[in-house]
Amino acid sequence: MGGKLAVSNDAGRSLPQSIERARLAERLGFDSIWSSQLPPSRDTPLVLAAYAGATSRIGLGTSVLPIYTRHPTAMAQMALSLDELSSGRFLLGIGVSHKVTVEDMWGLRLEHPVEAMREYLTIVRSLVTEGSVAFQGEHFTARSAYTAPRRAELPIYISALSPRMLELAGELADGVSLWMCGPAYIRDEVVPRVRAGREKAGKALDGFEVMAAVPVSLTSNRSAALESFRQTATRYASLPYYRKALDKCFDDMTDSPNDRILDELAGIGDEKVVQAAVERYREAGVTMPLIGHHGSHEGAAKFEDTLEAVAG
């Protein structure tokens with residue numbers, strides 16, 4: 001399969017097993033491995049440090065690190081340190097998260113997310129590219145420097161769904177990270193909004209990375225796989241940011257998505273179905289499909305078999 005290809009590899013129950021999966025992804029030729037920061041689990045940058053020690057070529061990215069739990073100077077410090085540790089392989093992905101997490105779990109306030117992200121990214125970018133920052137904002141303030149070795153070209157991705165956040169990604173970031181975005185939404189909403197942001201900054205769309213999660217389930221039990229993924233989709237459909245995007249993409253969207261919607265969002269079935277899902281996202285404008293293995297049901301293939309099927 002042509003083009004870049006990434007894999008999601010969160011450290012689940014077994015960190016040693018996840019490290020072996022990182023090695024496998026590198027052997028199979030995947031361009032990068034990405035891990036999300038999930039509140040009840042391990043710290044993602046430390047997990048990626050473990051992956052870095054076990055690999056030598058593959059890129060290492062945070063598909064989403066929430067901005068409200070790390071000051072932007074601390075985020076830049078972590079990113080540059082991990083980039084040095086991995087010999088220039090780190091990719092930083094950040095996002096604002098959701099009200100239920102920011103306010104109910106952390107006791108913070110999620111207000112004016114686009115403006116907050118603009119300030120946050122400005123501070124991080126200044127430290128990465130220039131090694132110092134002096135910034136006074138409404139949401140974040142920073143006066144700091146970074147004196148250790150740094151790669152000024154370290155890529156920064158924004159997790160985005162709304163039109164304004166997508167335009168901000170195009171304007172200031174190097175890529176956008178998408179989850180639960182169907183191909184039609186990517187084609188009709190994501191790419192035009194990102195392009196508008198690039199034009200605002202006087203930049204071309206070429207070179208900007210559109211990374212979208214492609215949930216896949218290589219399975220001999222399609223009905224069980226659909227029900228398993230329906231639970232995931234239902235959970236995310238309850239979050240306002242995702243629900244707005246899903247409603248805009250699917251006229252028949254409900255609290256519990258039907259099979260047609262699930263099949264548009266994911267690749268559930270045999271090897272051909274899985275590979276076709278990846279190509280469907282590419283045709284919509286995705287430059288780097290991010291393969292997400294869904295295999296918690298009876299009849300599901302192993303993570304390793306799924307990677308091999310996708311890699312071709």
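Data block above holds the structure.
As a starting point, this report considers the structure included with it. The structure presented is a predicted model; accordingly, all values stated were derived computationally and were not measured. (Residues numbered from 1 in each chain as written. Predicted model: local features only at pLDDT ≥ 70, side-chain atom pairs only at ≥ 80, totals over all residues. Heavy atoms only, no water.)

A rise of 1.5 Å per residue sets the reference length of helix α3 (residues 72-85), with its 14 residues, at 20 Å; its end C-alpha atoms lie 20 Å apart and thus fit the reference within 8%. Turning to α3, its buried residues number three or more, namely Pro72, Met75, Ala76, Met78, Ala79, Leu80, Leu82 and Asp83. Its buried side turned inward, α3 meets α2 (44-54), β3 (59-66), β4 (90-95) and α5 (113-130). Note on α3: the residue one or two positions beyond its end, Ser87, has a positive phi of about 60°. (Helix = DSSP H or I, 4+ residues; strand = E, 2+ residues; numbered from the N terminus. Expected span 1.5 Å × (residues − 1). Buried < 20%, exposed > 50% of the residue type's maximum accessible area, 1.4 Å probe, protein only. Contact = heavy atoms within 4.5 Å.)

Before going further, it helps to spend a moment on unusual backbone geometry. Residues other than glycine seldom take positive phi values, yet Ser87 does so here, at roughly 60°. Relative to the helices and strands, Ser87 is located in the loop between α3 and β4. One non-glycine residue, Met180, adopts positive backbone phi at about 60°. As for its position among the elements, Met180 is in the loop between β8 (175-178) and α7 (183-200).

Let us now look at the pattern of salt bridges. Taken as a whole and judged by the stated rule, the model has 20 salt bridges. Residues Arg193 and Glu167 are paired through a salt bridge, measuring 2.9 Å at the closest nitrogen-oxygen approach. With Arg193 in helix α7 and Glu167 in helix α6 (residues 163-172), this residue pair connects regions lying 26 residues apart in the sequence. With a relative accessible area of 28%, Glu167 lands in the partly exposed category. (Salt bridge = Lys/Arg side-chain N within 4 Å of Asp/Glu carboxyl O.)

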